[in-house]
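# Observations on the model geometry
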Amino acid sequence: MNVTSDRVKSLPPYIFSRFQQKKKELEARGVDVIDLGIGAPDLPTPDFIIEEMYKEAKKPENHRYSPYKGCKEFREAVASFYQNRFQVELDPETEVLTLIGSKEGIAHLISAVTNPGDSVLIPDPGYPVYQSAVYLAGAEPTHLPLNPQQGYTPAFEQIPAETLKNARLMLLNYPGNPTAATAELDTFLKAVSIASTYDIALAHDSAYNLVTFDGYEAPSLMQVPGAKNIAVEFGSLSKSFNMTGWRIGYVVGNQEIIRAISTVKSNVDTGQFLPIQKAAARALTGDLTVVRQNNAIYKSRMEKMADALQKIGIHIEKPRGTFFIWAPVPEGYTSMEFADRLLEETGVIVTPGTAFGPSGEGYFRLSLSVPTDRLEEAVKRMNGLKTGGDRK
Ligand SMILES: *Cc1c(COP(=O)(O)O)cnc(C)c1O
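Residues numbered from 1 in each chain as written. Predicted model: local features only at pLDDT ≥ 70, side-chain atom pairs only at ≥ 80, totals over all residues. Heavy atoms only, no water.

### Examining the UniProt feature "domain: Aminotransferase class I/classII large" (unreviewed entry) in the protein chain
Note the threshold: UniProt positions are given in the numbering used here, feature names are shortened, and annotations may be inferred rather than shown by experiment. Helix numbering and strand numbering both begin at the N terminus, where a helix is a DSSP run of H or I of at least 4 residues and a strand a DSSP run of E of at least 2.
As annotated by UniProt and renumbered to match this structure, "domain: Aminotransferase class I/classII large" (unreviewed entry) occupies residues 32-381. Within the segment residues 32-381, helix and strand shares are 38% and 16% respectively, and the terminal C-alpha atoms sit 11 Å apart.

Next comes the structure, spelled out in structure tokens:
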């Protein structure tokens, strides 16, 4: 039987599974593997959110289908979060939509706004879901190369006019996965300006909008005047409130795009469990104390790891957001070779940059979302690793 669609067959191979296979083999041999390839927080969901969920789960009226666009409490909580955090006004009825995690929403956005063959500009390196979702929708990915000289923001002036004329949608992501790059409002001003000029829909993935430190606070794309005419912004509770498994996020902004995503969703899913939406509403309208505590933990882990990398000759620009470090591989290695060698010699898993697109060559991503003692153990082992010029 051959029933797999061409679209599914067109999906790139999943690089992460290669390392998971190796991890299993090493563990079977008794090696204590430390997995820094993980993309989810290790910290638990805060108690007050769990308590709220528990309380709401006891109410029979919460056991029914949710309204398609999400319950009023959650949409209002998102609007109030935007007001307080970014001084941006949103109409919870038409400019906010509840998502079953932002990944779902991003995937549905692509089929909501593109026709087969349309070009979608995606960051390279970038979160792998962008490219897969573009393929699944039958659209065409066009890479926006990001590099350290530009602070991992697109060189908007250098994008060929032809590329811009053909593009239907542009995706951005700050603070970014995998690069941990942060952006200032200026980047969003340029993006809105170019997208308006070329009539391109713009979508910003702000999954790490609250995961910031060192005094840095991430701006919102919605703070740019006129953004609502062409743009949407995705957000998630997964990373900021350690709620990856709960599956709760949102998209805000342009009414027409939101309506289109909502139409796709109403034919595919029927909303998130109401107690989860209500507990998430509580999280977004709270004082963010737990978020700040988490960020302090990530920051201290980041400092330790940055020092350890320095000792083995790997210099990084210290990030101000996310729980990732994006680092250059030592000279003489490809991303894949270095990740392989690190795993074989130290039992530490990192993700080769090429898992995130061709421009990731020469880099690797390391996650800080493992317990601090494990991170310290990884640091100790990496200190024993000789790099640079000693390649066998
Ligand atoms: C984790 C992550 C997401 C997905 O988050 P969910 O809301 O859990 O689906 C989206 N974008 C980026 C860049 C991420 O790292």
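### Structural notes on empty space enclosed by the protein
What counts, and what does not: A cavity here means a set of 1 Å grid points, computed over protein atoms only, where a 1.4 Å probe fits but cannot escape. A pocket is an open set with protein on both sides within 12 Å along at least 5 of 7 lines, and lining residues have an atom within 4 Å of a point. Grid points are joined across faces, edges and corners, and a volume is the space filled by probe spheres set on the points. Residues are grouped as follows: Ala, Val, Leu, Ile, Met, Phe, Trp, Tyr, Cys and Pro are nonpolar; Asp, Glu, Lys and Arg are charged; every other residue, Gly included, is polar.
Within this structure, the stated rule accounts for one cavity of 30 Å³ or more. Computed from the structure, the largest cavity encloses a volume of approximately 60 Å³. Every residue lining the largest cavity is listed: Pro-123, Pro-125, Gly-126, Leu-146, Tyr-152, Asn-173, Tyr-174, Gly-176, Asn-177, Pro-178, Thr-179 and Ala-181. Class assignment for the residues of the lining of the largest cavity results in seven nonpolar, five polar and no charged.

### Quick notes on the packing of helix α3 (residues 47-57) against helix α10 (residues 274-284)
Rules: To define axes, lines are fitted to C-alpha atoms, for helices over the stretch in contact only, and angles between the resulting N-to-C directions are given on a 0 to 180 degree scale. Left-handed describes a crossing whose near helix is turned anticlockwise from the far helix through less than a right angle; right-handed describes the clockwise counterpart. Any two residues whose heavy atoms approach within 4.5 Å are treated as being in contact.
Orientation of α3 relative to α10, taken along the N-to-C sense of each, is 145 degrees, at an axis distance of 8 Å. In the crossing of α3 with α10, the sense of the turn from one axis to the other is right-handed. Along its contact with α3, which presents Phe-48, Ile-49, Glu-52, Met-53, Lys-55, Glu-56 and Ala-57, the element α10 presents Pro-275, Ile-276, Lys-278, Ala-279, Arg-282 and Ala-283. Partitioned by chemical class, the residues of the contact of α3 with α10 number eight nonpolar, no polar and five charged.

### Concerning the domain arrangement of the protein chain
Basically, it comes down to this: Where each domain begins and ends follows an automated or database-derived domain assignment. Using a 1.4 Å probe, buried area is obtained as the accessible area two parts lose upon being combined, added over both of them. Note on definitions: salt bridges are taken to be side-chain nitrogens of Lys or Arg within 4 Å of carboxyl oxygens of Asp or Glu.
Here the domain parsing of the protein chain yields domain 1 (6-45 + 289-385) and domain 2 (47-284). Between the C-alpha centres of domain 1 and domain 2 there is a distance of 25 Å. Between domain 1 and domain 2, the contact holds 34 residues from the first and 43 residues from the second. Considering only the side of domain 1, the residues that lose the most area to domain 2 are Thr-45, Arg-320 and Thr-322, jointly responsible for 26% of the buried surface there. Linking domain 1 with domain 2 are two salt bridges. Between Lys-299 and Asp-214 there is a salt bridge; the shortest N-O distance is 2.7 Å.

### What about the layout of surface pockets?
When its volume is computed, the second largest pocket comes out at roughly 390 Å³. Residue lining of the second largest pocket: 17 residues in total, with Pro-148, Tyr-152, Thr-179, Glu-317 and Trp-326 positioned closest to the centre. In terms of residue count, strand β9 (residues 324-328) provides more of the lining of the second largest pocket than any other element does, three residues in total. Among the residues making up the lining of the second largest pocket, the classes are represented as ten nonpolar, four polar and three charged. Domain assignment of the residues forming the lining of the second largest pocket places at least three in each of domain 1 (6-45 + 289-385) and domain 2 (47-284).

### A word on unusual backbone geometry
The omega torsion of the bond from Tyr-174 to Pro-175 falls at -15 degrees, within 30 degrees of zero and hence cis. Position of Pro-175 among the secondary structure elements: in the loop between β5 (167-173) and α8 (185-197). Pro-178 follows Asn-177 through a cis peptide bond whose omega is 15 degrees. With respect to the secondary-structure elements, Pro-178 resides in the loop between β5 and α8. Backbone geometry places Asp-199, a non-glycine residue, at a positive phi of 55 degrees. For Asp-199, the location among the structural elements is in the loop between α8 and β6 (201-205). The phi dihedral of Asn-242 is positive, around 55 degrees, even though this residue is not glycine.

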